[in-house]
Amino acid sequence: MLIELSHIQRLYRSDEVETTALQDIDLQIETGEFVAIMGPSGCGKSTLLNILGTIDRPTSGSYRFGTQELTAMNEAELAKFRREHLGYVFQSFNLIDELTIEENIELALIYREMPKSERRARVAHAVDHVGIAHRARHYPSQLSGGQQQRAAIARAIVGQPSLILADEPTGNLDTDNGAQVMDILQRLNDEGATIIMVTHSPSHADLARRRIDMLDGQVVVSVRNAI
Amino acid sequence: MKLTPHVHTVFAAFFRQMRCHRLYTAINVMGLALGLAACLTFGLIARYEFTFDQWLHGARGIYRLDAVNVQDGRASEIADAPFRVYDALKAAFPEITHATRIRPDNISIITADDVRSSNALYVDPDFFETLPYPLVRGDAASALSAPNSIVLSEERARTYFHTINVIGQKLTVDHDGRKAELIVTGVLSHVPGNVTLQPDMLIPIDSAMLASPAFLQWGIEGGYVFCRLHAPSDAKRLQGAMVRFSLDHVPPQVRDAGELRDWRLRPLPSLHFLDGTLGISSASRNSVIMLGLIGLLALLSAIINTINLSTARGLLRAREVAMRKTLGATRGDLIIQFMGEAILLAACAAIPALALIEIAIPTINALGGWDVVIPYDLLIPALLVLVILVGMVAGTYPAFWLSAYQPARVLAASRMATMGRLGAVVRLGLVVIQFGFAIGLSVSSVVILRQSVFVRDMDRGFDRNGLLFIPFIDNIGTPTAQLALMDAFRNVPGVTTVSSFYTMPGDFGFSAADYFSPLNAPDQRPRLEWQDVGRDYFRLFGLHLIAGRLFDDAHGEDDQQKGKGIHSVVIDASSARALGYTTPQAALGQTIRKHTDRAPWHVIGVVNDVRLNSARSAPLPSIYFYSSMPYRFSSAGVRFENRPERDVEANLRTIWQSRAPDLAFSALLASDLLSHDYRGDERRGELLAIGAGVAIFIALMGMYALASFTVARRMLEVGIRKTLGATTARVLGLLLGQFLKPVLGAGLIGCTLAWVVMRNWLSGFDARIPLSPLYFAAVFAAALLVAALTVLFQTLNVARAEPARALRAE
């Protein structure tokens, strides 16, 4: 078992209002799975993904990753965990405008304090893998949306993470570019990567091995797709 | 384009921005107010300094005649002239319509219950025709025509008579060695502080003075000679004829001694800074230009803040711009709006700026010794013009840049608008200029203040503590009376030593120099400062004997006033070297000759070097002659210990008044005399420090506000970095590093400029501190530290943000 969530709850509190974003979530994900999370806006998909990615903390519950209990970790330990195990792909790409594509990709390795020669080799391989080698020295603003998202995927995989988290990776892309991104994700999964993807697109969700439907902060359906 | 709706829009948008973004508005207004106040305050000082004497009617047609002497092949100008030139000048040049001699002197004013010292100017009856100082009482045409008349300043009239209606009143004075009763014939109007001659009282030169050597001999400088020409254009012709004039009128023996070889006609308005370069005042054109520049740069720094903050805020207002354009606003409308907002912002800063000027001027006046009066009739229009100019300069770049947003792109983008790389470079450059200026100014003020302290504390070769001087004791009467006075001083409790001499520290008193050469090496001919000293002089100053012996009454030949044989001299170590003696011992027993009269002297002793003159010039090698009886122009020195200076001075005063009841007593502390050598620089350093403080404060305010916007804008980036595994410390280091990068660049530029300027400034001193890298490093480190502290809180906040929250920032 790669991931095991038990009784995860996430509350947001303001002075006057308390909102429950996630409620009593139990979820297990095996190594090598490709899971699609679906549901209407505001159902808690992204919050769940953020908690899985340790960039948000649950209000209560347990999150085990392999043998590690992540809810007990402090900020520095979580940062170390993220750089060693996780890769992210966002709907809005989240590339840093001031850095070139290869610098954006390299950033994930810099935090691992990897030697420069190895970083370069890995970046070259990653951009090649997603088909944007010819754009490596450009800035994000000089690339199309599809190319930017492929760059974001390259950044996510360059560290060879155990888990790739994708938050509506095709949300800002046209059909063709969306299909290309899904091809890449499928290929990565075929190569052994575990992927959890939030999406609004049923067709893209059908490409995953398992589909989880959420409503009002709870998992309502978890089904395996026939692939 | 109708203006009214625009005005309404501009006002509405401005006041809403003000209300919603109080920090942004406060920092902008405070920065601009400080910048405007610094600019106008230093501007008023520059105006004060550059308009010396210009208030006097026809000032450009008034000239001072300066003598030019030649020493060692070098021409040197002196502000004084021998009064003998006066008649010859008027006869030779009909272009001169009026002229006056001016002899400054110190006189005693005798009232029923007191004797007070006062500065007086002895002048010719043509004084008011030459220098038309206005009179508040009396008639300028006749005020100085009677020999026993006196014209008082308003202040003196009130001091002595408690009114300015004093025409016909009598004033008893002791002047020029005579007691006289003068009749007040005029009262001078109050004159501005920026005037070269600030007369307390004017007394016509009388026939007794006209018969004195200072008025009859070419070789003696009597004071100033001023003249008025028909037209300023005549000055050039007169100047061209001055060498000929010298050849025709100055006796050959005076010219052969290098004196009065030429003359300079100096326009009255130029005298203020000229006197600074001649060393008779502390005026410095460069210092004033520097102050003006500081004011301008402080304003520029504030404008940079406004530009940076406007563009930074503009990024957050991109959607507002896009929506306005979508709703039909033209680019021109938006330019008017943003320019209008900038001008309103500057206008808001004008009121606190005025208040700051009101507060600053008295402080700056006290610090710099100025008498600047705030000219509101000039200041208010200047402030209004400056507000519009500043608003336009500060508003132009943001207005044109913000108005260029493409609405479709901004509205379609999920991300905040960015300035692009060029915009970032511009903003970085502006911050570098701000901090570079502030750091350069800070280093300069540190160096100037350190040099002032060095000059204050430097070893001058004598003990300055417990040393009082009573100038010109010769006023009291004969040499015997002077000796009796000094004997009486010796009995004052606490007094250990009393002696007489010519030259006091700090270039005060009388001084003379001549060329001397060893008998056996006539080609060796150094110019030595000639010190005529009385008994116990060396003990008074605490000089150390290096070789030989000091003057001793037991050796009759030591006293130059006794006998006709070869007399003794004591020289200092520098003189021994200058005369070619390899060691102080080698000088002992040697005979040297004075150039002017070829008289021989025996060297009996060598003492340590003493610096009585300014740290700016090389110490003069000195030669000491012993006179048991004081000469004319002698001053007395009194060393005391274990008693308060006030008590000693009071006792000395009592003795003086018992012997010369009609002569005002004055006593000067050695430390006060020496303070003239560093006080000017100390003041300049303090003013620079104020300028540096203002500049740093403005720059830090700008950095703080900019940091608020920048961290808000970089929240997403922080989220991404943390998602990729960056720790808080790493993000903090990254953000701090990026904020401090311009300060590093600025430090490099500011320190380099300050190094060049300060090296040049220090080269004007003979005794100076080394330009240590420590000053630069300390200021640089301090700048980095305060800049880091300024942005630390905001940076820490964003660096500690939860990644998920950071990613939702946009």
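Residues numbered from 1 in each chain as written. Chains lettered and ligands numbered in written order. Predicted model: local features only at pLDDT ≥ 70, side-chain atom pairs only at ≥ 80, totals over all residues. Heavy atoms only, no water.

Caption draft 1: Representation of the side chain of arginine 155 of chain A in the model. Considering the arrangement of structural elements, one finds arginine 155 of chain A in helix α5 (residues 145–157). Residue classification places arginine 155 of chain A among the buried residues on the basis of a relative accessible area of 3%. (Helix = DSSP H or I, 4+ residues; strand = E, 2+ residues; numbered from the N terminus. Buried < 20%, exposed > 50% of the residue type's maximum accessible area, 1.4 Å probe, protein only.)

Caption draft 2: How the structure looks around unusual backbone geometry. Even without a glycine there, the phi angle at glutamate 168 of chain A is positive, about 45°. Glutamate 168 of chain A gets classed as buried once you look at its relative accessible area, which sits at 13%. One non-glycine residue, phenylalanine 472 of chain B, adopts positive backbone phi at about 50°. You can see phenylalanine 472 of chain B is positioned in the loop between β12 (467–470) and α18 (479–490). Judged by its relative accessible area of 30%, phenylalanine 472 of chain B falls in the partly exposed class.

Caption draft 3: Region of interest: the environment of aspartate 662 of chain B. All names here are of chain B. When you line up the elements, aspartate 662 lands in the loop between α22 (645–659) and β24 (668–669). On the basis of relative accessibility, which here comes to 19%, the residue aspartate 662 falls in the buried class. Along the backbone, aspartate 662 and threonine 25 are 637 residues apart, and their C-alpha atoms lie at a distance of 67 Å. The contact partners of aspartate 662, leaving out residues within four places of it in the chain, are Ser108, Ile110, Val115, Asp174 and Lys179. (Contact = heavy atoms within 4.5 Å.)

Caption draft 4: Broad picture of the UniProt feature "transmembrane region" (unreviewed entry) in chain B. Taking the UniProt record as the reference, the feature "transmembrane region" (unreviewed entry) is found at residues 23–46, 288–307, 334–357, 378–404, 424–449, 687–707, 743–762 and 774–793 of chain B. Structurally, residues 774–793 of chain B comprises 100% helix and 0% strand, and the distance from its first C-alpha atom to its last is 29 Å. (UniProt positions renumbered as here; feature names shortened; annotations may be inferred.)

Caption draft 5: View of the environment of valine 603 of chain B. Residues and elements named next belong to chain B. Within the secondary structure, valine 603 is located in strand β21 (residues 600–607). Distance from valine 603 to glutamine 590, taken between C-alpha atoms, is 5.5 Å for residues 13 residues apart in sequence. If sequence neighbours within four positions are ignored, valine 603 has contacts with Val569, Ile571, Ala587, Leu588, Gly589, Gln590 and Ile592.

Caption draft 6: Looking closely at the interface of chain B and chain A. Each partner contributes to the interface: chain B provides 21 residues, whereas chain A provides 25 residues. Overall, the association of chain B and chain A removes approximately 2,100 Å² of surface from exposure, summing both partners, and the carbon and sulfur fraction of that is 52%. Connecting chain B to chain A are two salt bridges. At the surface where chain B touches chain A, the tally comes to five residue pairs in polar contact (both at pLDDT 80 or more). If you list the elements that add at least two residues to the side of chain B that touches chain A, you get α25 (715–723), α26 (728–762) and α28 (803–807) of chain B. Ranked by residue count, the leading element in the side of chain B that touches chain A is α25 of chain B, at six residues. (Buried area = accessible area lost by both parts, 1.4 Å probe. Salt bridge = Lys/Arg side-chain N within 4 Å of Asp/Glu carboxyl O. Polar contact = N/O pair within 3.5 Å; in protein donor to acceptor, adjacent residues only side chain to side chain.)

Caption draft 7: Quick peek at the sheet that holds strand β2 (residues 18–29) of chain A. Residue and element names in this part refer to chain A. Spatially, β2-β1-β4-β5 is the arrangement adopted by the four strands of the open sheet, whose pairing is antiparallel. The strands lining the two open edges of the sheet, one partner per strand, are β2 and β5 (68–69). Lying over the sheet, helix α1 (residues 45–52) contacts β1 (3–13), β2 and β4 (60–65), oriented at roughly 120° with respect to β1. (Pairing = 2+ DSSP bridges. Axes fitted to C-alpha atoms, helices over the stretch in contact; angles between N-to-C directions.)

Caption draft 8: Spatial organisation of the packing of aromatic side chains. Residue and element names in this part refer to chain B. Scanning all chains against the criterion turns up 27 aromatic pairs over all chains. Through a chain of ring-to-ring contacts, three or more aromatic side chains come together here, namely Phe462, Phe469, Phe501, Tyr537, Phe538, Phe541, Phe551, Tyr624 and Tyr626. Sitting above the plane of the tyrosine 515 ring, arginine 525 keeps its charged end 4.4 Å from the centroid. When the ring centre of tyrosine 515 is taken as origin, the NZ or CZ atom of arginine 527, which lies over that ring, is 5.5 Å away. (Phe/Tyr/Trp six-rings, centres within 6.5 Å; stacked < 30°, edge-to-face > 60°. Lys NZ or Arg CZ within 6 Å of the ring centre and 35° of its normal.)

Caption draft 9: Expanded view of the pairing of strand β23 (residues 635–640) of chain B. Residue and element names in this part refer to chain B. In terms of residue burial, β23 counts as a mostly covered element, since six of its six residues are buried. Burial of β23 is two-sided: the residues Ser635, Gly637 and Arg639 facing one way and the residues Ala636, Val638 and Phe640 facing the other way are all buried. Sheet analysis places β12 next to β23, joined by four bridges and oriented antiparallel. Paired with leucine 467 across the bridge in β23 is arginine 639. Bridge analysis of strand β13 (residues 495–501) against β23 gives six bridges, and the strand direction is antiparallel. Residue pairing for β23: valine 495 is matched across the bridge by phenylalanine 640.

Caption draft 10: Representation of the pattern of salt bridges in the model. Using the criterion set out here, one finds 41 salt bridges over all chains in the structure. Between aspartate 190 of chain A and arginine 209 of chain A there is a salt bridge, and its shortest N-O distance comes to 3.7 Å. Of this pair, aspartate 190 of chain A sits in helix α6 (residues 175–190) while arginine 209 of chain A sits in the loop between α7 (202–206) and β9 (210–215), placing them 19 residues apart in sequence. Under the relative-accessibility criterion, arginine 209 of chain A is labelled partly exposed at 38%. Here aspartate 200 of chain B and arginine 156 of chain B are joined by a salt bridge, their closest N and O atoms 3.2 Å apart. With aspartate 200 of chain B in the loop between β8 (178–188) and β9 (201–204) and arginine 156 of chain B in helix α5 (residues 154–161), this pair connects stretches of sequence that are 44 residues apart. Like aspartate 200 of chain B, the residue arginine 156 of chain B is buried in the burial classification. Through salt bridges that share partners, Glu33, Arg210 and Arg224 of chain A make up one connected network.

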